[in-house]
Amino acid sequence: MRAGRVGHEGPLDVDVSALVQLRARHPEAIAEAAARRPRRPLLDDNTGRLMIVAADHPARGALAVGDRKFAMASRADLLERLCLALSRPGVDGVLATADILDDLLLLGALDHKVVLGSMNRGGLAGASFELDDRFTGHRPRDIERLGFDAGKLLLRIDYDDPGSLRTLESTARAIDEMAERQLPVFVEPFLSRRRADGKLVNDLSADAVIKSIAIASGLGGSSAYTWLKVPVTENPDDMARVMETSTLPAVLLGGDVGEDQEGAYEKWRGALQLPTVQGLVVGRSLLYPADGDVTAAVDTAVGLL
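Residues numbered from 1 in each chain as written. Predicted model: local features only at pLDDT ≥ 70, side-chain atom pairs only at ≥ 80, totals over all residues. Heavy atoms only, no water.

## Here we look at unusual backbone geometry
- With phi around 60°, histidine 112 is a residue other than glycine that occupies positive phi space.
- Mapped onto the elements, histidine 112 comes out in the loop between helix H4 (98-106) and strand S5 (114-118).
- If you check the backbone angles, glutamine 182 has positive phi at about 55° while not being a glycine.
- By the element assignment, glutamine 182 lies in the loop between helix H6 (163-180) and strand S7 (185-194).
- You can call glutamine 182 exposed: its relative accessible area is 56%. (Helix = DSSP H or I, 4+ residues; strand = E, 2+ residues; numbered from the N terminus. Buried < 20%, exposed > 50% of the residue type's maximum accessible area, 1.4 Å probe, protein only.)

Dropping the structure here:
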């Protein structure tokens, strides 16, 4: 039994009651759905580029989009937006935590899609321990067991915060475990710092992004299965120099672009021409665009590839 079905013609409304009943009465249905899910290669032979929709923000308590503090709080609404995005031509897959991926499995929305499990969500947004980012999501063995295609981890480094060292070490071991299973892992590195008011911010200057890429590229006993997930720098013209730091394949992250959607597209368009950049992993700016048109936002992003 499936709680819903998504086809190329578009998504059905998500029946929350059916999902809850299926979870309550037949929890084994999730593993069964994962086992029968038709898979595909990470990179499609036709384009060789990746377009991944990200939805792992809620598990860190990061529910805001722009000035809407709880934009991602409605699970039914989020699932409907994800199903719509996944139904669009050129969208390769999704990045999310177990709860969301389990729902999408039950909805049948992950067939022939690339599925990335989000691995460390312990650094809750705004918490005093935000940089002690423990691995509280998918473990490498979970990704392998469920037949998912890759993992993703967040690596924020503050030279003044001892918690960063623990995150560095656990990140290296996660990379090792993924490599042992021949599973790709997407590492999202930042140099971060706390402002005077205590808010954690990521440094998007060229020098900082270069350092973060260099650090992330050298973690673990093998880089064979390591990908990078990197931001576009404050000055997009710096991206060519920044991406010379590593030969690891990379995807661009989207972030919360606010009202300037067109400006974000322009930044992505230029960086996508660089030889190490293999695609986009974008979440809130496509699922919750300022004008509310998810289809147009997703199709425009796909067109950049």
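## Comments concerning the pattern of salt bridges
- Evaluated as defined, the whole model comprises 23 salt bridges.
- Note that arginine 156 and glutamate 130 form a salt bridge whose closest N and O atoms lie 2.8 Å from each other. Taken together, the residues arginine 156 in strand S6 (residues 150-157) and glutamate 130 in the loop between S5 and helix H5 (140-145) connect sequence positions 26 residues apart. Both residues of the pair, arginine 156 and glutamate 130, belong to the buried class.
- A cluster of three or more residues bridged by salt bridges with shared partners is formed by Asp56, Arg121, Lys152, Glu188 and Lys229. (Salt bridge = Lys/Arg side-chain N within 4 Å of Asp/Glu carboxyl O.)

## As for the environment of alanine 264
- For alanine 264, the position within the fold is in helix H9 (residues 261-271).
- On the basis of relative accessible area, alanine 264 is assigned to the buried category, the value being 6%.

## Some thoughts on the pairing of strand S10 (residues 250-253)
- Burial along S10 is two-sided: the face carrying Ala250 and Leu252 and the face carrying Val251 and Leu253 are both buried.
- By the bridge criterion, 3 bridges tie strand S9 (residues 226-230) to S10 in an arrangement that is parallel. Pairing of lysine 229 across the sheet is with valine 251, part of S10.
- The pairing of S10 with strand S11 (residues 277-282) spans 3 bridges and is classified as parallel. Residue pairing for S11: leucine 253 is matched across the bridge by valine 281. (Pairing = 2+ DSSP bridges.)

Function cannot be inferred from these measures alone, as they are strictly geometric.
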